[in-house]
Amino acid sequence: MVKSTFQIKDLENLTGVKIPTLRIWEKRYNILKPARTNTGIRSYNIEEVLRLLNIAYLNRNGWKISKIAALTEKEIQLAVKNIDQSNNDYPIEVEEFLIAMLSLDQVKFSQIYSNLRNEYSFETIFENYFHPLLFRIGILWQTETIDIIHEHFISSLIIQKLIFEIENIKTNTSKKSKTHILFLPLNEIHEIGLRYLQYQLLLNKKDVIYLGNNVDLIHLNRFKDRKDIVIIGSLTIVPNEKSLNDYLKSLNEFATHTNLPVHLYGLQFNINSVSYKKYSNINIYQNAKELLKSIK
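As the structure is a computational prediction, the values presented were derived from the model and not from experiment.

Draft legend 1. Spotlight on the overall build of the chain. Looking only at helices and strands, one finds 13 helices and eight strands in the chain. Principal-axis analysis of the C-alpha atoms gives the chain an extent of 70 × 45 × 35 Å. Each of the 296 residues in the chain was classed as buried or not, and the buried ones make up 47%. Summing over all exposed atoms, the chain offers an accessible surface of approximately 16,100 Å²; the carbon and sulfur share of this is 49%. Within the chain, one finds 37 positive and 31 negative side-chain charges whose respective centroids are separated by 4 Å.

Here is the structure:
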């Protein structure tokens, strides 16, 4: 089942407002009206969570809670839309995408995206809207605030937009371009970052073959000794810290055996310390921007 009720700790994770402050808002200003279990534990429905996200957004942008409490629901929504976004840590659309995710509202997601796409390039949307959204979702997932269904819902919609943009790139690949083989290792399911790298490479007139997830190194041997091939992999959640060095050792041996240039990037290199010098035949980057800059 999709998560339909939230605890006060979930509200803290979603909004960034500390629990003591939420309790004051609830008691003094009647902002929230939770249900209570027999043991007195508060629970909040999805409508209250969505409303609180807007209230917290206003409060972060200088609105006093006493003034917000006097507004109707429509007035709150209007006030949110009228905020000068130039001073915000992230655009209001990120909050709206988050609301669409929590309510599993594909229509709302599409409306927000269409409005942005009418004004901005896809690259701008991904960097300034999708990227901070995915960062927030990662935190919410780690703190068990949202279900895996929420993450899969929003990820599938973003991937749909990525594939559409990829298929509509009009530029031809350069005759001098090598063929870039993009893959995710076994048990790695997070494709968004690698899909966006595919998009960026195509924009830069690079030839790309996208293999997707669950690719074992043995299947890459078919490219052995081809001088026109570049192998690129992304490590987000696998292998884990214990097996990361074993995987890099295998990949280093693969690069030596096949004579193929191999590039790796991803979150694993931000959260785990790796001695890059041990793997002299593979190129390791912390993020896709570093990799793109290198291979351009």
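Draft legend 2. The arrangement of the nonpolar core in detail. One finds Leu102 and Phe130 to be the most contacted residues of the largest nonpolar core, which totals 74 residues. If one sorts the elements of this core by residue count, helix H3 (residues 46–60) sits on top with nine residues. The contacts of Phe130, once residues within four sequence positions are left out, are Phe97, Phe109, Tyr113, Phe122, Ile125 and Ile158. Core analysis: the second largest hydrophobic core is formed by 22 residues, Phe223, Leu244, Leu251 and Leu264 among them.

Draft legend 3. View of the sheet that holds strand E3 (residues 42–45). Spatially, the three strands line up as an open sheet ordered E1-E3-E2, and their pairing is antiparallel. Strands with a single pairing partner mark the edges of an open sheet, and in this sheet they are strand E1 (5–6) and strand E2 (35–36). Where E2 lies against E3, two bridges are found, and the strand directions are antiparallel. Paired with Ala35 across the two strands is Ser43, which belongs to E3.

Draft legend 4. Layout of the pairing of strand E5 (residues 207–212). Covered by surrounding structure in E5 are Val208, Tyr210 and Gly212 only, the residues Asp207, Ile209 and Leu211 on the alternate face being uncovered. Where strand E4 (residues 179–183) and E5 come together, five bridges link them in parallel fashion. Bridge assignment links Thr179 to a residue of E5, and that residue is Asp207. At this point the chain moves from E4, through helix H10 (residues 192–203), to the parallel E5, and the crossover so formed is right-handed.

Draft legend 5. Seen up close, unusual backbone geometry. Phi is positive for Asn30, which is not a glycine, with a value near 60°. For Asn30, the location among the structural elements is in the loop between helix H2 (19–29) and E2. Positive phi, normally seen in glycine, also occurs at Leu104, with a value near 50°. Secondary-structure assignment places Leu104 in the loop between helix H6 (92–102) and helix H7 (106–117).

Draft legend 6. Focus on the pairing of strand E6 (residues 229–234). Of all six residues that make up E6, six are buried, and the element is covered over most of its length. Residues Ile229, Ile231 and Gly233 point to one face of E6 and Val230, Ile232 and Ser234 to the other, with burial holding for every one of them. As judged from the five bridges shared by E4 and E6, these two strands associate in the parallel manner. Bridge assignment links Phe183 to a residue of E6, and that residue is Gly233. Of the strand pairs in this sheet, E6 and strand E7 (residues 262–265) are connected by four bridges, and their pairing is parallel. Across the sheet, the residue bridging to Gly233 is Leu264, located in E7.

Quick notes on the rules
- Residues numbered from 1 in each chain as written.
- Predicted model: local features only at pLDDT ≥ 70, side-chain atom pairs only at ≥ 80, totals over all residues.
- Heavy atoms only, no water.
- Helix = DSSP H or I, 4+ residues; strand = E, 2+ residues; numbered from the N terminus.
- Buried < 20%, exposed > 50% of the residue type's maximum accessible area, 1.4 Å probe, protein only.
- Areas by Shrake-Rupley, 256 points an atom, 1.4 Å probe, with all protein chains shown as cover.
- Lys, Arg positive; Asp, Glu negative; His and termini not counted.
- Charge placed at Lys NZ, Arg CZ, Asp CG, Glu CD.
- Core = buried A, V, L, I, M, F, W, Y, C linked by side-chain atoms within 4.5 Å.
- Contact = heavy atoms within 4.5 Å.
- Pairing = 2+ DSSP bridges.
- Right-handed = clockwise from strand over helix to strand, strands pointing away.

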